[in-house]
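Structural overview for review
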Amino acid sequence: MVPFYRIAALLAEKPTGMEIAVNGWVRTRRDAKGGFSFLEINDGSGLANLQVIADEALPNYHDEVLRITTGCAVRITGVAVPSPAKGQEIELKASRIAVEGWADPLVYPLQKKRHSYEFLRTIAHLRPRTNSLGAVTRIRGSLSFAVHQFFHQRGFIQVHTPIITTSDCEGAGEMFTATSLDLDRLPTTGGKTDFGQDFFGRRAGLTVSGQLEAEAYALAMGNVYTFGPTFRAENSNTSRHLAEFWMIEPEMAFCDLAGDIDLAEAFIKHLVRHVVENCAEDFALFGRFVDTTLPDRLHRILAGPFPRISYTVAVAELHKSGRDFAFPVQWGADLQSEHERYLCEEVFDGPLVVTDYPKTIKPFYMRANDDGKTVAAMDILLPGIGEIVGGSQREERLDLLGERMTAQGLDLDEYGWYLDLRRYGSAQHSGFGLGFERIIQFVTGMGNIRDVIPFPRTPGSASG
RNA sequence: UCCCGGGUAGCUCAGUCGGUAGAGCAGGUGACUGUUAAUCACCCUGUCGGGGGUUCGAAUCCCUCCCCGGGAGCCA
């Protein structure tokens, strides 16, 4: 039995002199009319291709090997040998090349040359076969592992919060409705759709956040986290928004806002360090071709503690700048992108934590501060990305929570289970949400969020 | 949703004053070479985003719709 190798392992171990097998897809074929051809093979295991020498002595050389083009799937057996030429340490002298799947070069969309990301988005099913999307895919997968590793090391328990839910995490955005009703014949009462006849007997939707459910589990398990898909039916058309994205939401009992920020900072650093240390080959690609300032920017994240300022100080800082912002700066109004960017990229030139926002611009569940004006909220801003984390200490006091909900026009009966958490054994607790795609954007330097998720869903677009 | 900028060959783009469409790459053929974004020669490729209008004549001007990109809002 000939040992099978993934190309990344083959190039790392260099088992020369022995017969081995690899599978993969052809990136290029170059013919040397001296009677042999070079094939570049990639199998997705890494950025580097394997160079294969196909000699005309192969029984199918003339009728098959010479017809191989970019995109063909092949199974190859041969002997790994040191390469006599520059460009690669070892190469595979093929003794057998079987073409498993052809790719007609007249219609196969991927060429040897570089394609634009815009074009690759139109062929989302084929783009993982390119260097940059392949690298994104490997980093994304590795980062997903790092997420679980981080929380596992700290004793957090993963909780699978529901994807279909009836609790709208107010302030997070519009929900998609999940229904099994016949859309051509909707049952109505009083002119409105009667969701009482729907599958769940009431209106349900796709979750916009697992936070409320995570709170329930934090107040039983201590420290928990969720990591799953999240849906927003917002008409957001930007390079930082998706209608379907993945979010990580830790929730900790007996933890205040400072502890919440500590965890978020350690988490971001863990993810950045993971990519730098464990995805070096792919990371180098982005530092070289996508954003040359990337390595420096990431190392600065690891360099020291994140500065923390209150919203009130941030507003003062903006006033002090004397800048003429498109949106006026005034205490009580939310910080705009231009304000956040100025603070993050010009004043602090690095990550920044902003805390204690006015309660009027924040959702009901955030804990009221003693000043009566602000809540224990925090946002973490990263240069170039903006808001990567939003979190808060939650309001654990039943009466104050009820007041906030009533003030924001919420029906307390709808949130009975959530209020129960404050009725029985309520405890201080805090948490945050981190957008998975945004951290991938940050560590890769990819400019458009649609290029860091396999099949992006955005307004007007959900194909593949 | 709003503000800009775009949509021309398979891909990336050029196209002057309104005069009837071009380059590079890819693809095909051949030459050459332990090649590696290979090189050289020749060849092939078009609903100029859709619809309507102005004009003798529209890729070019006008209207409209669609799509894409950048920015903003909303947020993660």
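Remember, predicted model here, so these are calculated numbers, not experimental data.

Details of the overall build of chain A
Helices and strands together make up the secondary structure of chain A, namely twelve helices and 17 strands. Considering chain A as a whole, with its 464 residues, one finds that 50% of them fall into the buried category. Taking the intrachain contacts of chain A between residues at least 6 apart in sequence as the baseline, contacts between residues at least 24 apart amount to 66%. Taken as a whole, chain A presents about 21,800 Å² of accessible surface, with 52% of it coming from carbon and sulfur.

A look at the protein's contact with RNA strand B
Among the 51 residues in the neighbourhood of RNA strand B, the closest are listed as Lys86, Glu91, Thr238, Arg341 and Arg438. Restricting the count to atoms of RNA strand B within 4 Å of the protein gives a sugar and phosphate share of 46%. Take Glu387: an N or O atom from its main chain is 3.0 Å from a sugar or linking oxygen of RNA strand B. Contact between RNA strand B and Ile388: a sugar or linking oxygen at 2.5 Å from a main-chain N or O atom of the residue. A class-by-class count of the residues in the surface near RNA strand B yields 15 nonpolar, 18 polar and 18 charged.

Observations regarding the sheet that holds strand S13 (residues 308-310)
The eight strands lie next to each other as S6-S11-S12-S17-S16-S15-S14-S13, forming an open sheet whose pairing is mixed. Each end of this open sheet is capped by a strand with a single partner; those strands are strand S6 (157-158) and S13. Sheet topology note: the S13/strand S14 (residues 352-355) ladder contains three bridges and is parallel. Across the sheet, Ile309 pairs through a bridge with Val354, a residue of S14. Across the face of the sheet, helix H12 (residues 436-444) comes into contact with strand S11 (223-231), strand S12 (244-253), strand S15 (377-382), strand S16 (386-393) and strand S17 (429-435) while running at roughly 60° to S17.

Quick notes on the pattern of salt bridges
Under the counting rule described, the total for this entry stands at 25 salt bridges. A salt bridge links Glu100 to Arg75, with the shortest nitrogen-to-oxygen separation between them at 2.4 Å. On the criterion of sequence distance, the pair formed by Glu100 in strand S5 (residues 90-101) and Arg75 in strand S4 (residues 73-82) is long-range, its members being 25 residues apart. Relative accessible area serves as the criterion here: at 54%, Glu100 is assigned to the exposed category.

Focus: the sheet that holds strand S3 (residues 50-55)
The strand order around the closed barrel built from five strands is S1-S2-S3-S5-S4, with neighbouring strands paired in mixed fashion. Averaged over all pairs of adjacent strands, the angle between strand axes in this sheet comes to 55°, irrespective of strand direction. Note that strand S2 (residues 36-42) and S3 share six bridges and pair antiparallel. Pairing of Ile41 across the sheet is with Leu50, part of S3.

Remarks on unusual backbone geometry
Here Lys14, not a glycine, exhibits a phi torsion of approximately 50°, which is positive. Within the element layout of this structure, Lys14 appears in the loop between helix H1 (7-13) and strand S1 (19-32). A relative accessible area of 30% places Lys14 in the partly exposed class. Unusually for a residue other than glycine, Asp349 sits at a positive phi of about 50°. Within the secondary structure, Asp349 is located in the loop between helix H9 (337-347) and S14.

With respect to the confidence of the model for chain A
Mean pLDDT over chain A works out to 92, with 99% of the residues at or above the 70 mark. Here strand S9 (residues 192-193) is the element of chain A with the lowest mean pLDDT, 88, and S6 is the one with the highest, 98. Two summary scores accompany this predicted model of the complex, namely pTM at 0.94 and ipTM at 0.89.

A short note on the packing of helix H5 (residues 257-278) against H12
The contact between H5 and H12 brings their axes to 10 Å, and the two run at 45°. Taken together, the axis directions place H5 and H12 in an arrangement best described as oblique. When the axes of H5 and H12 are compared, the crossing they make is right-handed. Contact residues: H5 offers Ile268, Leu271, Val272 and Val275, while H12 offers Ile439, Phe442 and Val443. Each residue belonging to the contact of H5 with H12 can be placed in one class, and the counts come to seven nonpolar, no polar and no charged.

Quick look at the pairing of S11
Regular strands show a simple pattern: their side chains alternate between the two faces of the sheet. For S11, the tally of buried residues reaches seven of nine residues, placing the bulk of the element in the interior. Of the pairings in the sheet, the one linking S6 to S11 comprises two bridges and is parallel in character. Following the sheet pairing, Gln158 is matched in S11 by Tyr225. Both S11 and S12 contribute to a ladder of nine bridges, which runs antiparallel. Directly across from Pro229, in S12, lies its bridge partner Trp246.

Reading guide: rules and limits
Residues numbered from 1 in each chain as written. Chains lettered and ligands numbered in written order. Predicted model: local features only at pLDDT ≥ 70, side-chain atom pairs only at ≥ 80, totals over all residues. Heavy atoms only, no water. Helix = DSSP H or I, 4+ residues; strand = E, 2+ residues; numbered from the N terminus. Buried < 20%, exposed > 50% of the residue type's maximum accessible area, 1.4 Å probe, protein only. Contact = heavy atoms within 4.5 Å. Areas by Shrake-Rupley, 256 points an atom, 1.4 Å probe, with all protein chains shown as cover. Near = heavy atom within 4 Å. Polar contact = N/O pair within 3.5 Å; in protein donor to acceptor, adjacent residues only side chain to side chain. Nonpolar A, V, L, I, M, F, W, Y, C, P; charged D, E, K, R; others polar. Pairing = 2+ DSSP bridges. Axes fitted to C-alpha atoms, helices over the stretch in contact; angles between N-to-C directions. Salt bridge = Lys/Arg side-chain N within 4 Å of Asp/Glu carboxyl O. pLDDT = per-residue confidence, 0-100. Parallel < 35°, antiparallel > 145°, perpendicular 65-115°, else oblique. Left-handed = near helix turned anticlockwise from the far one by under 90°.

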